[in-house]
Every structure is written in C-alpha cells, then in structure tokens.
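Each chain, written out:
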Amino acid sequence: ENQEKDDYYGQVLKNASDLKTNACVTPAKPIPASIRQVLKKVHPEVDARYYGCGLVVPESLEGCRILDLGSGSGRDCYMLSQLVGENGHVTGIDMTDNQLEVARKHVDYHMKEFGYQKPNVNFVQGFIEALTEAGLEKSSFDVIISNCVVNLSPDKKRVLAEAYSVLKDGGELYFSDVYSSGRLTEEMKTHKVLWGECLGGALWWKDLLQLAEEVGFSPPRLVTAKFITIGNKELQDVLGDFKFVSATYRLFKVPKGNTEPRQVMYNGDIRGVEDSFEFDCQYTFKANEAVRVDGEVAAILTHSRFAGDFTFQQPGGPGEPCGVKPKVSGCFAILL
Ligand SMILES: C[S@@+](CC[C@H](N)C(=O)[O-])C[C@H]1O[C@@H](n2cnc3c(N)ncnc32)[C@H](O)[C@@H]1O
C-alpha cells in the first residue's frame with residue numbers, strides 16, 4: 001500500500017504547483033523574518049519539492065538532535081540544520097526514493113553555505129511506523145518534527161508510539177498536519193487523490209488527543225490552526241460538509257500525574273523569543289512576568305528542555321500573588 005502511495009510524491013507530483021488543493025501547502029501562520037532568512041539559504045530544487053502545511057520551528061533548538069518524520073526533499077531539515085548549529089544534528093526519514101535523492105544530492109551545498117566543517121544532517125530511508133527498524137535509536141532525539149506527513153500514514157498510533165520511543169525523556173514531538181471535523185468515511189479514506197492531497201487520511205482532531213494519551217504523551221497543546229479551502233469542485237463534492245484545518249500541535253514525553261497549577265516566570269533567555277515566548281495558542285510568556293499555568297503545562301515546562309528558561313514557584317508556595325490569572329485566548333474556538 002505504501003509503495004503505491006510513494007508514487008504520488010515520487011512520480012505524480014513534480015513540484016508543489018501540481019497539487020490539486022492547497023491542503024498540503026497551507027501555512028498555519030505567517031513566517032517570521034528571521035526564519036525567512038534561514039529559508040532563503042535552502043537550495044531551489046529542495047524548495048520546489050516542499051509539500052508541507054505548517055512551519056515546524058519549535059524554540060530553543062541549539063545543539064539539539066532532531067528527527068523529521070517524512071522529510072521529503074529536506075527543506076525543513078536544512079532549515080533546522082541552521083537552527084541547531086554545527087553541534088546539533090538533524091535526521092530526516094522518508095519512504096520515497098526520489099525525494100530522498102533530491103535531499104541527499106544537496107547536503108554538501110548546504111554545509112558549505114552554512115559554513116559547517118562536517119555535515120550535521122543525514123537522510124534515512126524508512127517508514128515512520130518503524131523508526132527503530134530503520135536504525136534509529138530509542139531515547140536518542142530531543143525533538144521530533146513533521147510537516148504534513150502523519151495524515152498519510154495508515155497507522156497513526158504506531159507513528160506516535162515509535163516517535164515516543166525514539167524521543168529522550170523530556171523530548172518533544174512538534175508537528176503540523178491536516179485534521180478533519182469528524183471521522184472520514186471509507187469512500188473518502190480510499191479516494192486516491194484525496195489521500196495524496198493530505199485530506200483523505202486526515203485524523204479527526206479529537207482522535208489525536210485520544211491516541212496521544214494512549215501512547216503516553218502529554219495532552220497535545222495546539223500552537224496554530226488554519227482552515228483549508230478545498231477550491232476544487234469535484235473533491236469538494238466527495239467531502240460534503242467535512243471541514244479541514246492545518247494545525248500544529250506540541251506533545252511532550254514528560255511524567256504524568258502531577259497536575260497542580262503553578263506560577264512560572266520566563267527568564268527571557270531563549271534566542272529569537274527574548275521578549276515574548278508563544279508557547280501555544282493559550283499561553284504567551286512575557287519575559288519576567290509571573291503567569292499561573294495549568295498542571296499540564298507546568299509538567300511540560302519543568303521536565304522539558306525549557307526547564308532552565310523558567311523559574312517555578314512551589315505549588316501553593318509563599319508569595320504567590322492573588323489575581324495572577326492564566327492567559328486564556330479563544331484559540332480552541334477556531335478549531336472545528
Ligand atoms: C506531503 S509530503 C511532505 C514532505 C515534507 N515534510 C515537506 O514538508 O516537504 C509527505 C512526505 O511523507 C512521506 N511519507 C508518507 N508516508 C510515509 C511513511 N509511512 N513513512 C515514511 N515516509 C512517508 C512521503 O514520501 C512524502 O515525502
């Protein structure tokens with residue numbers, strides 16, 4: 001089954017303009033100027049075969065080991081290669097030979113462009129449902145990203161479970177994907193074009209919450225979401241009233257259980273977000289400002305790579321001012 005699917009990205013599509021809808025290329029958020037600079041250094045051939053649907057740039061990546069699930073022609077890997085620096089590392093995994101070939105062809109070009117002595121990127125052929133089988137080590141990555149790929153997997157729970165297993169404790173899965181407003185029908189799921197356009201395999205967003213919990217991740221935190229316009233009458237007719245969004249979620253491998261809300265203060269030290277760190281669509285941390293966060297976010301901040309970027313007050317500790325309220329925005333309302 002995967003072999004046939006591999007043809008869509010390997011043979012049918014030559015570049016992003018061959019797609020029939022904008023589902024695979026809908027950015028969920030405008031790209032910040034600093035990242036536009038980083039993207040400018042990516043080779044045009046790699047860029048032309050980019051089929052992502054979101055910007056996958058979590059904060060604080062220097063020195064991190066990153067894995068990109070379904071790395072395609074490698075655009076995000078080459079972007080992240082600059083952000084982790086020469087001492088960090090980025091591995092891309094994909095099942096499609098043609099895409100891997102484009103990605104590998106330009107390793108030297110990029111390393112020269114970034115001024116690195118030795119490559120900090122590599123591309124592995126394999127299935128995202130079988131990461132350890134593809135030679136990736138358990139508990140070896142700080143961050144896993146993925147851009148518009150998980151929807152293409154027939155076994156999403158396995159993808160999440162494998163990602164969980166190769167993440168270090170405290171690690172993060174930060175990924176963009178397409179979600180639907182309900183469980184899709186068999187007709188939609190087996191429609192070849194809908195599948196290739198990243199719509200037929202879209203997960204009902206509530207099912208992601210369920211799967212993440214079953215696998216052991218912290219409850220997914222929504223970062224951004226944007227409606228997808230289908231713009232193709234024939235496909236729209238098959239889809240009926242179902243709606244789709246391109247959304248980015250962050251899931252952490254952190255201990256569960258302690259769900260006490262806590263007061264936290266961001267110290268302003270993360271590069272690029274010194275004044276204001278938009279953790280998700282609910283919490284934005286302004287430097288040196290006390291904020292009360294719910295227990296899930298408190299657990300994430302204390303056990304992840306962000307632990308050193310915050311000061312934490314003990315639950316119910318002395319001096320917690322009254323009136324420090326969680327900053328809740330209505331971001332969940334934009335979801336389906
Ligand atoms: C929509 S494209 C996105 C590619 C890339 N992330 C980007 O942003 O350009 C989907 C990619 O996922 C890969 N893919 C789909 N299912 C896969 C699987 N089960 N295992 C490995 N790769 C897969 C395809 O080969 C293709 O390169």
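What counts and how
- Residues numbered from 1 in each chain as written.
- Predicted model: local features only at pLDDT ≥ 70, side-chain atom pairs only at ≥ 80, totals over all residues.
- Heavy atoms only, no water.
- Phe/Tyr/Trp six-rings, centres within 6.5 Å; stacked < 30°, edge-to-face > 60°.
- Helix = DSSP H or I, 4+ residues; strand = E, 2+ residues; numbered from the N terminus.
- Buried < 20%, exposed > 50% of the residue type's maximum accessible area, 1.4 Å probe, protein only.
- Lys NZ or Arg CZ within 6 Å of the ring centre and 35° of its normal.
- Salt bridge = Lys/Arg side-chain N within 4 Å of Asp/Glu carboxyl O.
- Near = heavy atom within 4 Å.
- Polar contact = N/O pair within 3.5 Å; in protein donor to acceptor, adjacent residues only side chain to side chain.
- Areas by Shrake-Rupley, 256 points an atom, 1.4 Å probe, with all protein chains shown as cover.
- 1 Å grid on protein atoms, 1.4 Å probe; cavity = no way out; pocket = protein on both sides within 12 Å on 5 of 7 lines; lining within 4 Å.
- Sits in = over half its atoms within 2 Å of the grid points.
- Nonpolar A, V, L, I, M, F, W, Y, C, P; charged D, E, K, R; others polar.

On to the packing of aromatic side chains, then. Enumeration according to the criterion identifies 17 aromatic pairs in this entry. Ring centres 5.7 Å apart and planes at 65 degrees place the aromatic pair Tyr266 and Phe277 in the edge-to-face group. Of this pair, Tyr266 sits in strand β9 (residues 262-266) while Phe277 sits in strand β10 (residues 276-278); the two residues are 11 residues apart in sequence, bridging distant segments of the chain. Each member of the pair, Tyr266 as well as Phe277, carries the same accessibility label: buried. For Arg75, the ring lying beneath its charged end belongs to Tyr50, and the centroid distance is 3.6 Å. Between Lys253 and the ring centre of Tyr164, over which it is positioned, the NZ or CZ distance is 4.8 Å.

On to the environment of Lys138, then. Tracing the backbone shows Lys138 in the loop between β3 (121-125) and β4 (141-147). With a relative accessible area of 57%, Lys138 lands in the exposed category. Along the backbone, Lys138 and Tyr164 are 26 residues apart, and their C-alpha atoms lie at a distance of 8.8 Å.

Let's shift gears to the pattern of salt bridges. A side chain of one charge can pair with a side chain of the opposite charge if their charged atoms are brought near each other. This structure, assessed with the given rule, holds 14 salt bridges. Two residues, Arg250 and Glu172, come together in a salt bridge whose shortest N-O distance is 2.5 Å. Here Glu172 lies in strand β5 (residues 167-180) and Arg250 lies in strand β8 (residues 244-252), a separation of 78 residues in the sequence. For the salt bridge of Glu172 with Arg305, the shortest nitrogen-to-oxygen distance reads 2.8 Å.

In the region of the ligand, 21 residues are neighbours, and Tyr51, Gly70, Asp94, Thr96 and Glu129 sit closest. Separating a nitrogen atom of the ligand from a backbone N or O atom of Gly70 is a distance of 2.7 Å. Thr96 is positioned with one of its side-chain polar atoms (N or O) 2.4 Å from an oxygen atom of the ligand. In isolation the ligand has 590 Å² of accessible area, and contact with the protein removes 99% of it. Spatially, the ligand is embedded in the largest cavity. Each residue belonging to the shell around the ligand can be placed in one class, and the counts come to 10 nonpolar, 8 polar and 3 charged.

Shape is all these values report; function is a separate question.
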